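Examination of the molecular architecture
The lines below spell out each chain.
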Amino acid sequence: MCKLLNIENLTIVANEKNRKVKITDNVSLSLNSGESMGIIGESGCGKSITALSILGLNNPNINIIDGNIFFENICLNKLSSGNLRKICGSKIGMIFQEPMTALNPVFTIEQQLSEPLKIHLKLSKSAIKSKCIELLESAGIKNASAMLKYYPHQLSGGMRQRVVIAMAIACKPKLLIADEPTTALDVTIQAQILHIIKKLIKENNMALLIISHDIGVISKLSQEVSVMYSGEIIEQDSKTNIIENPMHPYSEKLINSAKELNNGCNHLSVVNGSVPRPEENIMGCKFAARCEFCRNICKEKKPSLIKKNNGNGYVRCWKYINDQNLY
Amino acid sequence: MLKFVFRRIINSIPIIILVMILSFLIIHIMPGDPVRTMLGDKASEEQIINMRKQLNLDKPLMKQFTIWIKDIIRFDFGESISWKEPTLIIIKERIEPTFLLAIIGTLLSTLIGIPLGILSAKQHGKLTEKCLSVLSLVSISLPAFWIAIIMIQLFGVNIRIFPVSGFHSIKSVGLLASLYELSLPGIILGIMHSGQIGRMTKTSMLEVMQQDYLRTARAKGVKEFYVLNLHGLKNALSSIVVVIGFSFASLLGGAIVIEQIFNIPGVGNLAINSILSRDYPLIQGILLFIALIFILINMLTDIICALINPKVRYEHE
Amino acid sequence: MDENIILQVNNLNKQFRSGNHKIQAINNISFNVKKGETFALVGESGCGKTTTGRLLIKLVDADSGEIIFKGTNISNLSNNKFRKLRPSIQIIFQDPYGSLNPRMKIKKLLSEAVKSNTENKSDINDVIWELIKSVGLEVSDLDKYPHEFSGGQRQRICIARAIATQPDLIICDEPVSALDLLVQAQILNLLKELQKKYGFSYIFISHNLSVVRYISDRVAVMCMGKIVEEGTTEEIFNNPSHIYTKLLLDSILDLTDNEKSEDLYKTYYDDKYQVAIDYVSKSSSKLNWISPTHYVLQDI
Amino acid sequence: MSMNKKNVNSYIAIGIILLIIPLILGLLANVLSTYDPYETDPLIRLKSPNSEHIMGTDDLGRDVFTRTLYGIRISLYIGFMVTFFSLIIGVVVGTVSAFYPWTSRILMRLVDGIMAFPTIILAISLAGILGSGTKNIIIALSISYFPMIARITKNATLEVLGMEYIESAIALGKNDLYIIFNYILPNIASRVMVQVTFTFAMAILNESILSFLGVGIKVPTPSLGGMVNDGRNYISTAPWIITFPGLIISWIVLSLNMIGDGMRDALDPRCKNRG
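Overview of the structure. (Residues numbered from 1 in each chain as written. Chains lettered and ligands numbered in written order. Predicted model: local features only at pLDDT ≥ 70, side-chain atom pairs only at ≥ 80, totals over all residues. Heavy atoms only, no water.)

Let us now look at the overall build of chain A. Per the secondary structure count, chain A includes 12 helices and 12 strands. The C-alpha atoms of chain A give a radius of gyration of 21 Å, which matches the 20 Å a tight globule of 327 residues would have. If you line up chain A on its principal axes, its C-alpha atoms span 65 × 50 × 45 Å. Across the 327 residues of chain A, 57% fall into the buried class. Residue pairs in contact within chain A that sit at least 24 positions apart in sequence constitute 63% of those at least 6 positions apart. Looking at chain A, you have 39 positive and 29 negative side-chain charges, and the mean spots of the two groups are 6 Å apart. (Helix = DSSP H or I, 4+ residues; strand = E, 2+ residues; numbered from the N terminus. Rg over C-alpha atoms; globule rule 2.2 N^0.38 Å. Buried < 20%, exposed > 50% of the residue type's maximum accessible area, 1.4 Å probe, protein only. Contact = heavy atoms within 4.5 Å. Lys, Arg positive; Asp, Glu negative; His and termini not counted. Charge placed at Lys NZ, Arg CZ, Asp CG, Glu CD.)

Taken together, the contact pairs 46 residues of chain D with 47 residues of chain B. In this assembly, chain D packs against chain B so that about 4,100 Å² is buried in total across both faces, 76% of it on carbon and sulfur atoms. Along the contact surface separating chain D from chain B lie 1 salt bridge. A salt bridge links Arg199(B) to Asp261(D); the nearest nitrogen and oxygen atoms lie 2.8 Å apart. In this structure, the connection of chain D to chain B is made through 4 residue pairs in polar contact (both at pLDDT 80 or more). Mapped by element, the contributors of at least two residues to the side of chain D that touches chain B are α1 (6-27), α4 (101-115), α5 (119-130), α8 (176-213), α9 (224-231) and α10 (240-267) of chain D. (Buried area = accessible area lost by both parts, 1.4 Å probe. Salt bridge = Lys/Arg side-chain N within 4 Å of Asp/Glu carboxyl O. Polar contact = N/O pair within 3.5 Å; in protein donor to acceptor, adjacent residues only side chain to side chain.)

Moving on, we come to the interface of chain C and chain A. On the chain A side, the residues contacting the 33 residues of chain C number 45 residues. Of the roughly 3,500 Å² buried at the junction of chain C and chain A (both faces included), carbon and sulfur atoms supply 56%. Looking only at chain C, the three residues that lose the most surface to chain A are Leu182(C), Leu253(C) and Leu255(C), adding up to 23% of its buried area. Between the two partners, chain C and chain A, sit 0 salt bridges. For the pair chain C and chain A, the number of links is 10 residue pairs in polar contact (both at pLDDT 80 or more). At the level of elements, α6 (181-198), α7 (209-215), α9 (243-251) and α10 (260-282) of chain C are the ones that each hand at least two residues to the side of chain C that touches chain A. No other element matches the 8 residues that α6(C) contributes to the side of chain C that touches chain A. In terms of residue class, the side of chain C that touches chain A is made up of 14 nonpolar, 8 polar and 11 charged. (Nonpolar A, V, L, I, M, F, W, Y, C, P; charged D, E, K, R; others polar.)

Turning to the state of the cysteines, a few remarks are in order. Under the definition given, this model contains 0 disulfides over all chains. In this structure Cys285(A) is a free cysteine whose sulfur lies 6.0 Å from that of Cys298(A), the closest cysteine sulfur available. (Disulfide = S-S within 2.5 Å.)

So, on to the sheet that holds strand β4 (residues 62-71) of chain A. Residues and elements named next belong to chain A. With antiparallel pairing, 4 strands are arranged side by side in an open sheet as β2-β1-β4-β5. Two strands in the sheet have a free side with no partner beyond their single neighbour: β2 (19-31) and β5 (74-75). As judged from the 8 bridges shared by strand β1 (residues 5-16) and β4, these two strands associate in the antiparallel manner. Paired with Thr11 across the strands is Asp66, a residue of β4. Those strands touched by helix α1 (residues 47-54) are β1, β2 and β4, and its axis lies near 110° from that of β1. (Pairing = 2+ DSSP bridges. Axes fitted to C-alpha atoms, helices over the stretch in contact; angles between N-to-C directions.)

What follows is about the nonpolar core. In terms of nonpolar packing, the biggest core is built from 183 residues, with Leu136(A), Leu175(A) and Leu209(A) touching the most fellow members. Within the second largest apolar cluster, 118 residues are counted, among which are Val19(B), Leu205(D), Ile209(D) and Ile242(D). (Core = buried A, V, L, I, M, F, W, Y, C linked by side-chain atoms within 4.5 Å.)

The subject of this paragraph is the sheet that holds strand β9 (residues 224-229) of chain A. All names here are of chain A. Spatially, the 8 strands line up as an open sheet ordered β6-β7-β8-β3-β9-β10-β12-β11, and their pairing is mixed. At either margin of the open sheet sits one strand with a lone partner, and together these are β6 (92-95) and β11 (306-307). Relative to strand β7 (residues 175-179), β6 runs parallel, the two sharing 4 bridges. Within β7, the position partnered with Ile95 by the bridge is Ala178. On top of the sheet, helix α7 (residues 157-168) reaches β6 and β7; it is set at about 170° to β6, its chief contact. Contacts from helix α11 (residues 249-263) reach β3 (36-40), β9 and β10 (232-238), with the element oriented near 110° to β9.

Most contacts, compared over the 5 pairs of chains touching, are made between chains B and D. At the C-alpha level, the nearest point of chain B lies 6 Å from chain C, with no contact between them.

Right, let's get into the environment of Leu135(B). Residues and elements named next belong to chain B. Relative to the assigned elements, Leu135 resides in helix α7 (residues 127-141). Note on Leu135: relative accessible area 57%, which makes it exposed. In sequence terms Leu135 and Gly195 are 60 residues apart; their C-alpha atoms lie 7.7 Å from each other.

With that settled, the discussion passes to the packing of α4(D) against helix α6 (residues 134-161) of chain D. Residues and elements named next belong to chain D. In the contact formed by α4 and α6, the axes pass within 9 Å of each other and the chain directions differ by 130°. Considering the angle they form, α4 stands oblique to α6. The way α4 lies across α6 gives a crossing that is left-handed. Seen from α4, the contacting residues are Ser104, Met108, Val111, Asp112, Ile114 and Met115; seen from α6, they are Ile143, Phe146, Pro147, Met148, Ala150, Arg151 and Lys154. In terms of residue class, the contact of α4 with α6 is made up of 9 nonpolar, 1 polar and 3 charged. (Parallel < 35°, antiparallel > 145°, perpendicular 65-115°, else oblique. Left-handed = near helix turned anticlockwise from the far one by under 90°.)

Our next topic: α8(D). Look at α8(D): only 46 Å from first C-alpha to last across 38 residues, short of the 56 Å you get at 1.5 Å a residue. Directly after α8(D), the chain includes Gly214(D), whose backbone phi takes a positive value near 90°. (Expected span 1.5 Å × (residues − 1).)

Residue and element names in this part refer to chain C. Within strand β10 (residues 226-232), 7 of the 7 residues are buried, which leaves the element mostly enclosed by the surrounding structure. Taken together, the 6 bridges between strand β9 (residues 218-223) and β10 define a ladder with antiparallel strand orientation. Bridging across to β10, Ala220 finds its partner in Glu230. Connecting the antiparallel pair β9 and β10 is a turn made up of 2 residues, with Met224 showing a positive phi of about 50°. Pairing between β10 and strand β12 (residues 294-297): 2 bridges, direction antiparallel. For Glu229, the partnering residue across the bridge sits in β12 and is Val296.

It is worth spelling out the pairing of strand β8 (residues 201-206) of chain C at this point. Residue and element names in this part refer to chain C. Most of β8 is tucked away, with 6 of its 6 residues classed as buried. Here β8 shows two buried faces, one formed by Ser201, Ile203 and Ile205 and the other by Tyr202, Phe204 and Ser206. Across 5 bridges, strand β3 (residues 38-42) lies against β8 in parallel orientation. Paired with Ala40 across the bridge in β8 is Phe204. The pairing of strand β7 (residues 169-173) with β8 spans 5 bridges and is parallel. Bridging across to β8, Asp173 finds its partner in Ile205. Between β7 and its parallel partner β8, the chain crosses via α6, and the hand of that crossover is right-handed. (Right-handed = clockwise from strand over helix to strand, strands pointing away.)

The structure is reproduced here in structure tokens:
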């Protein structure tokens, strides 16, 4: 059976001034239809850029130099822009981080919401209107028909995000990409939005790719989790395994500090230092400088992503690579 | 929307009052006695006293000011000394060519400026954009009077395709003939102002092109043409409208130099002649008239902006 | 008055106007902060917590109410008189990119802060060296400009600036919200460590309950400009008594995804949120004391 | 702030190089030419450019090259003085009215009032009323141009005042003067400088217009605009009289506009790196 989404060895660079900076390095992901996958990582780790590159929405100075993105066996990154457009919004929907800026301030909600319906479904005018109301209601907006005449600035952040969600699912896409959908929202609103997304993917049997820096958000919505650090996937496993038994020292620290903060404790365990800048050229493991298990090999040679002994997950750390694997 | 228009009108009242004060004061800042300068050295003492009386300059400043304000409210902008006619009537006779010229200039500059601005925003960083940006820089750097003289020599004298001087009203020669007389100055003004409009279009398009909502539109599968020209341009339009309004207003205020060179009897021409002939009441009247037109156009552009962008409307309410 | 109380706020009010609308940003709030403790103001955006912080250092003037800092009522002090007191109350902001003058080197940023405390007689270079080390940066960093640092490092510089004046009270306005989780932990630990060393008090403003729970001794929950519940951290987290506090606590995302919480979600937040908001907007200013340190705002 | 884009740098660089040439010509006018700009000689009227008079002579037999050099000198001088006064007045008015909002009611209203007149009309009227002459042109143009700088200064200051680093300085107990000089001026300087460069360009352009229309520099004194006016009637027979001064005005204004454009692009957040 073919995968719904298959990202293979994706390497993305940004052209800055006179040099090229690697944003992601050999990222591979795959997702079956109806499944959900979360990508977690700190800001600047390349998770959003990976997600945006699926629909080719990155800035023009950011290019894929290696690897492919397959969606239903179609290679998206080699598709002409016209053909890619047919997939955007119809088979793949996207929710963005900033509800305040994601909507066009000079068009009404109806005008914006009806666009994907007009383009992909080619509905009649009256059908569009009733469909718009239906979509808004499914996104948890109560007075939907009144809402259609509003402009974005008349709505609160939570309401705008619901509109963005309604727009993303307008054509019942097979894959929904959510890029930090709740980061800009208050906690109580966050809970509402997460619930709506969860309900909608279940009802429409959509696959979900969710990007977040918050393990709490990821754990609410996804079955599989990929942990990214400085442009690389360092661990990939089921959610339960990642949360209960993270293997990579970085994921361990990340999960632990989230747990410590949530459960209340007297002292937070700390990882010193900060994420290396993308332009730094690091030979070995990117986390080596901050890792308490760092050995010589870690600084010299980059570990490869290996299958975990127990189960289906993958991890990228010398700790788990047997000596015989080093030739 | 009505509320916005109303508020906008109310808001411009203080500035109108201020403009009245400033145009009143302008005659009082001049060094020496304005009447003596106006009449020249040969004027007799009696003439000076009469003139002073006529212009109310013999009264105290506050009294002069109240008379000035009262007159303006009755649409009396003063009386020209050299023409012996009310300023407004003189301006009225001169407004037609200026108005036509302003329309031609603005229309041309908009038609040239906006597409080129969008093009250079799209081609940002590429050769096309660099060429266009140098061209627009040149267009705002050239002195209009110099270009106009050269153009007259080229297209009016060497190759006779354009008329080079004068203007006859629509009533006397018909619309087409009038427009034809204004074609060369109109083209010059259009090209020179297109630089400014093109630059503004480019700047605001570049800003809009960074916005998240264009990405949202692309994610919906909207065609790139509509992403830029529907989603993008409608957002960029309000700042472009401001520049267009500004350039229209300054043309209405008189393309002084162009009118002077092409010998077009317009408002700008009148202004410079009144200054050269030291006809102070006329200068005052023209200044006030032009400033009021300026304020009016500003008001209209603001209202157009509010129509385009609902956010502007609500920010003011 | 209690010797230990360093800041006492009584019946503070602040109204903002936007056009014809009046917004009661701060609605009759009172609280106190003791020496050496961390007092948290927690709530969602627009609840007035940031405004409270700005009122306390008179970046904005209050409409009515008293702010008594170390026995002086600063709310009606003129700006000129208050200027001398300013170094004793410092503030750390959320955005580490906007809170440092981009045109000054770190050395200048720190020395101007040290100089504001005129009582400081020791050699200024020594003080700066000690400061930069105490926040975990290198002496060589002094000759750099703010843009050369990461968000976490900049927040360290902000902290160094704040403690340079030897203040009694530091207002931390969402100091870790813009930072990554692991850097958050570094900064939170640094704040705790410095408090232990120098003994100043914090007013910790945050929307993040987990962070508040970690760092604070006492918590006030704000909603719509009112303090709806106040108590020690244990009391608030173990025995939340106001409907809004409960809602906030329920919104914390735990890492376990139990299916039974699904039903709870269904209509829970939409309705509960509205109920809580209505409840707060109607409630009187009467306090219902649960323990000597714990109260909730009473219903009408 | 660093100049990020390569072409931005080159804009400023080209602009400066272009500007240096007329600058040298103007400053060294009396060294580069031995002729007297006022000396008329009916015998050599309207001579085309030759080895003695490299830009030819005008209708009164004056050397066009010499007069152009002195014209550049006076243009640059007026441009500089106008920019200087507009900058000082504009920055003071702008910062004060941003810093003390109550003063803005008077100061910015005045600025709005002046800006309600089209600059060129205002400048011509003022120059006409004050009478021609270098000093009066400087006054007229300064009054016309300081409002724009004041407005930009005010907006930039308000933006800076909204930054949290200002609040942190207030919290340190710094006084207003300290904040203005150490916090506000360094942070608005670059934006104001862009406008200053454009003001310089516009002042030179408008000085030439005033002189062309006859309300600028008094007649025998060489000025670029005045020379174009003088040469107008001889354009078919002696085009060099108006060609060179016109070219030089365009040259100076273009180079200043290039510098301004380059500076503006360099400051533009769009060109900055992400993160």
